Amino acid sequence: MASPWKTAETGIIVTTTHAVEGRPAQDYLGIVTGEAIIGANMFRDLFAGIRDIVGGRAGSYEKVLKQARHDAIEEMQAEAQKLGANAVVGVDLDYEVIGDTGSMLMVSASGTAVKL
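Worth saying up front: this structure is predicted, and the values here are computed from it rather than measured. Here the residue numbers are simple positions, counted from 1 along each chain's written sequence. Two thresholds apply to this predicted model, a pLDDT of at least 70 for residue-level local features and 80 or more for giving and counting side-chain atom pairs, whereas whole-chain, interface and lining totals are computed over all residues. Neither water nor hydrogens contribute to the side-chain values; these are computed over all heavy atoms in the structure.

Trainee: How would you sum up the overall build of the protein? Please name residues and give values.
Mentor: Across its full length, the protein carries two helices and seven strands. Helix and strand labels come from DSSP, where a helix needs a run of H or I of at least four residues and a strand needs a run of E of at least two; each type is numbered from the N terminus. In sequence order, the secondary structure elements of the protein are arranged as β-β-β-α-β-β-α-β-β. In the protein, which comprises 116 residues, the proportion classed as buried is 32%. Any two residues whose heavy atoms approach within 4.5 Å are treated as being in contact. In the protein, the proportion of contacts linking residues at least 24 apart, taken out of those at least 6 apart, comes to 73%. To measure how exposed things are, a 1.4 Å probe is used in the Shrake-Rupley method; for residues, cover is taken only from the protein chains shown. Roughly 7,100 Å² of accessible area belongs to the protein as shown, and the carbon and sulfur atoms make up 52% of that amount. Partly exposed describes any residue whose relative accessible area lies between the buried limit of under 20% and the exposed limit of over 50%, with all areas from a 1.4 Å probe on protein chains only and scaled to the type maximum.

Trainee: Let's hear about the nonpolar core: which residues, and what values?
Mentor: Membership of the largest hydrophobic core comes to 19 residues, with the highest contact counts inside it found for Val32, Ile38, Met76, Ala80 and Val88. Sorting the residues of this core by element identifies strand 3 (27-38), helix 2 (59-82), strand 6 (87-98) and strand 7 (104-115) as the ones contributing at least two each. Among the elements that line this core, the one with the most residues is helix 2, at seven residues. Judged by nonpolar contacts, the second largest core, of six residues, contains Ile13, Ala87, Val89 and Leu116. Take the buried residues of types Ala, Val, Leu, Ile, Met, Phe, Trp, Tyr and Cys, join any two whose side-chain atoms come within 4.5 Å, and each joined set is a nonpolar core.

Trainee: Talk me through a negative patch on the surface; I want residue IDs and the actual numbers.
Mentor: Residues Glu35, Asp71, Glu75 and Glu79 make up a contiguous surface patch of negative charge. At three residues, helix 2 tops the list of elements feeding residues into the negative patch. If you trace the backbone, Glu79 turns up in helix 2. Each patch is built from salt-bridge-free residues with over 30% relative accessible area, joining like charges within 9 Å and nonpolar side chains (Val, Leu, Ile, Met, Phe, Trp, Tyr) within 5 Å. By definition here, a salt bridge exists when the distance from a side-chain nitrogen of Lys or Arg to a carboxyl oxygen of Asp or Glu is within 4 Å. When charges are counted, Lys and Arg are positive and Asp and Glu negative, with His and the chain ends excluded. Here the site of a charge means NZ on Lys, CZ on Arg, CG on Asp, or CD on Glu.

Trainee: I'd like a description of the side chain of Ser108, backed by residues and values.
Mentor: Note on placement: Ser108 falls in strand 7. Here Ser108 falls in the buried class, since its relative accessible area comes to 15%. If we ignore the near neighbours within four places in the chain, the residues touching Ser108 are Gly34, Glu35, Asp92, Leu93 and Asp94.

Trainee: Just give me the short version of the environment of Gly111, but keep the residues and values in it.
Mentor: Mapped onto the elements, Gly111 comes out in strand 7. By relative accessible area, Gly111 is classed as buried at 7%. Ignoring any residue separated from it by four or fewer positions in sequence, one finds Gly111 in contact with Gly30, Ile31, Val32, Met76, Val88, Val89, Gly90 and Val91.

Trainee: Give a description of the pairing of strand 7 that names residues and reports values.
Mentor: What makes two strands pair is DSSP finding at least two bridges between them. Across 11 bridges, the pairing between strand 3 and strand 7 is antiparallel. Paired with Ile31 across the strands is Thr112, a residue of strand 7. Bridge count for strand 6 against strand 7 is 10 bridges, and the pairing is antiparallel. Note on strand 7: the bridge partner recorded for Asp94 is Ser108.

In structure tokens, the structure reads:
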């Protein structure tokens, strides 16, 4: 089973699996979500300033996406904490291009808040 992820800020366990091994859910509290949007200026600045492309990878771009993913997960954890949860199971991460011209990227995290 995949190991769960937990941040020091909230202490909420996050896992893509349907359960936390050895710790059955005592209560299902509902669906929780978190979103982070990277705007058009971020993309323009990234593409204009990318100088660290090595082997086809864009380190600056990956760093921004990683931060957006982290922010979405933390927002989801905070929502779960408000419900009294100590874990979020079945987490799904999605990436969507949004805006009239497709100039923004949204990273969303969703899962089920549970009390272990």
